[in-house]
Structure formats: structure tokens, C-alpha cells
Amino acid sequence: MKIKICGIKDRATLNCCQKNNVNFYGLVFYKKSPRNVSVKLASELINYQTNKNISPVGVFANHNISDVYYTIEKLNLKYIQLHGIEDNIYISKLKDKFNIRIIKAVGIKSINDFENIKMYSNTDYYLFDYKPKNNELPGGNAKSFDWSLLKNININKPWFVSGGININNISEILNNLIPYGIDISSGVEDHPGIKNSKKITEIMYKINE
């Protein structure tokens, strides 16, 4: 099972992820997010990275595609996550231009929302997350959806589960679901955008028990 810690903003947190053998770390380029980073800071973190087994993931939401092109090229990204209303045409343009793996977020509130994956057939992975309301951020809202909807689900691509995952509820996922990966952000923070390395270490220990 792959683990992604999203919203990395500093070297100490990246160090913690590396030491705990986290598989992916998310660099958020959405300006309204408290986890937003500049391309300059993202570049510094990627250059600082020493563990070759952890991969940076650029996280975008409703960006002009030319901005995404620029960031992929500048940082030589191999993985990106699309957390807005990007469609299959948008995904195809990115994949035609770059050798890149794409994670597409899909908001889930009811079983009917899984029908939406048909709109993203060109993506490489799905990320099932809490479905935000109109006044909420596209992701990172520290809220969960009903994970039991994922039980015995038949999906033709690998998928991540996300949304309000923390040390107190991760056992529900570990005991009942078989995701490709788990995406954690707010559950290892002291405040929105402020990661706690102790919380990351504790949740990774719990996952690897």
C-alpha cells in the first residue's frame, strides 16, 4: 500500500517523510490553499530530497494548463494530481506532452458519484476524497466521506483514498479496504498547512504494524 503525505512546505517535514519511507509527497500549487508552495520553494525541496524512493507530486486545481506545463517542465515532475474540474481532454493534453502519471481526484458523497470516473478514463489513478461544498477548498478540508462505499468496489484503475484521515480512524481503512494508496494531509497537522513530524511518524508506525 502506497502512502502520500500531501502539502509539504519545509525540509523538516520532507526529512520526516523520507525517514518513514513515505512513497509520495504532495506539493500544492493552489494559491487559496494554506498548503500552497511557490515553484521556487518546490524546486528547493525537490533538490534537497535524498531518498530516491519517494516521489514529489504536483497538486493542481483548475489551473490554466499552460501553468501546469510550466511547472512540470521546471520541476521535472513525474507525477501530478488534478483536484479540480479538469476533464479527459485536459488530461490527454498533459499526457501527450509529458511522460507523466496523473492522479485525478473524484469527490464522493454517495455511490452515484463513482459514475463520474467515466469522465476521466485517461487518468492513471483515481483519488477518492470528500466531496467539497461550493464554499470549501477543492481538497484538504479535514473531512471524510463514507468509506464503506469503497468496500468491494470494482474499479479498473488503482485508487487512493483521502479525506480527513488521521491516527484515530486509519484502522477503518486498513481493516476494511484494499486501496492502492492512502493520501494524508490534515490528519498529520497542528494547524492547516503546518505539519507535525511526530504525527507523521506515529501514523506511519500504525500503518506498518
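Note: the structure precedes this text.
Residue numbers restart at each chain and count upward from 1, following the sequence in its written direction. Residue-level local features of this predicted model are given only where pLDDT is at least 70; pairs of side-chain atoms are given and counted only at 80 or more, and the full residue set underlies all totals for whole chains, interfaces and linings. Hydrogens and water molecules were not included; the side-chain quantities draw on all heavy atoms of the structure.

A. Representation of the environment of leucine 174 within the structure. Secondary-structure assignment places leucine 174 in helix α5 (residues 170-176). Through-space distance from the C-alpha of leucine 174 to that of glycine 84 is 27 Å; in sequence the pair is 90 residues apart. The contact criterion used throughout is that any non-hydrogen atoms of two residues lie within 4.5 Å. Not counting residues within four places of it along the chain, the set of residues in contact with leucine 174 comprises Met1, Ile182, Lys206 and Ile207. Helix numbering and strand numbering both begin at the N terminus, where a helix is a DSSP run of H or I of at least 4 residues and a strand a DSSP run of E of at least 2.

B. View of the nonpolar core. Counting residues in each nonpolar core, the largest one holds 55 residues, and the members touching the most others are Ile5, Ile80, Leu94, Phe128, Val161 and Ile184. Of the residues forming this core, the biggest block, five residues, is contributed by helix α3 (residues 65-75). By convention a nonpolar core is built from buried Ala, Val, Leu, Ile, Met, Phe, Trp, Tyr and Cys residues, the set being connected through side-chain atoms within 4.5 Å. Classification of residues uses two cut-offs on accessible area relative to the type maximum, computed with a 1.4 Å probe and protein chains only: under 20% is buried, over 50% is exposed, and between them is partly exposed. Counting eight residues, the second largest nonpolar core, distinct from the first, contains Phe24, Tyr79, Tyr125 and Phe160.

C. Region of interest: the side chain of serine 185. By the secondary structure assignment, serine 185 is in the loop between β8 (181-184) and β9 (189-191). We classify serine 185 as buried; its relative accessible area is 12%. The contacts of serine 185, once residues within four sequence positions are left out, are Cys6, Arg35 and Lys195.

D. Spatial organisation of the environment of phenylalanine 24. Checked against the element boundaries, phenylalanine 24 lands in strand β2 (residues 24-28). Residue phenylalanine 24 is classed as buried on the basis of its relative accessible area of 5%. With residues up to four places along the chain from it excluded, the contact list for phenylalanine 24 reads Lys2, Ile3, Lys4, Ile5, Ile54, Ser55, Val57, Tyr79, Phe160 and Tyr180.

E. How the structure looks around the pairing of strand β7 (residues 159-162). Residues Trp159 and Val161 line one face of β7 and the alternating positions Phe160 and Ser162 line the opposite face, and both faces are buried. Only strands joined by at least two bridges in the DSSP assignment are considered to pair. Of the strand pairs in this sheet, β7 and β8 are connected by three bridges, and their pairing is parallel. By the bridge assignment for β8, phenylalanine 160 is matched with glycine 181. Handedness of the β-α-β unit built from β7, α5 and β8 comes out right-handed. By convention a crossover is right-handed if, when the strands point away from the viewer, the path from the first strand over the helix to the second runs clockwise.

F. Representation of α3. Within α3, the full set of buried residues consists of Ile65, Val68, Tyr69, Thr71, Ile72 and Leu75. Where α3 is buried, its residues meet α2 (39-48), β3 (55-60), β4 (79-82) and α4 (88-97). Phi for asparagine 76, located one or two positions after α3, is positive at around 55 degrees.

G. Just the packing of α2 against α3, in detail. Where helices are involved, their axes are fitted lines through C-alpha atoms of the stretch in contact, as for all axes, and angles between N-to-C directions lie from 0 to 180°. Look at α2 against α3: their axes get within 10 Å of each other, and the N-to-C directions meet at 30 degrees. On the basis of the axis angle, α2 is roughly parallel to α3. α2 and α3 meet at a crossing whose hand is right-handed. Taken together, the residues of α3 that come into contact with α2 (itself represented by Val39, Ala42, Ser43 and Ile46) are Tyr70, Thr71, Lys74 and Leu75. Of the residues contributing to the contact of α2 with α3, the split by class is five nonpolar, two polar and one charged. For this classification, under 35 degrees means roughly parallel, over 145 means roughly antiparallel, 65 to 115 means roughly perpendicular, and everything else is oblique. In this scheme the crossing of two helices becomes right-handed for a clockwise turn of the near helix relative to the far one and left-handed for an anticlockwise turn of less than a right angle. Only Asp, Glu, Lys and Arg are considered charged in this grouping, and only Ala, Val, Leu, Ile, Met, Phe, Trp, Tyr, Cys and Pro are considered nonpolar; every other residue, Gly among them, is considered polar.

H. A look at the packing of α3 against α4. Packing of α3 against α4 brings their axes to within 11 Å, and their N-to-C directions diverge by 30 degrees. When the interaxial angle is binned, α3 and α4 end up roughly parallel. Considering how the two elements wind past one another, α3 and α4 form a crossing that is right-handed. Along the contact surface, α3 presents Ile65, Val68, Tyr69, Ile72 and Glu73, while α4 presents Tyr90, Lys93, Leu94 and Lys97. For the contact of α3 with α4, the residue count by class is six nonpolar, no polar and three charged.

I. The environment of lysine 93, seen in detail. Along the chain, lysine 93 turns up in helix α4. For the pair formed by lysine 93 and isoleucine 65, sequence separation is 28 residues and the distance between their alpha carbons is 8.6 Å. Each residue touching lysine 93, except ones within four places of it in the same chain, is listed here: Ile65 and Tyr69.

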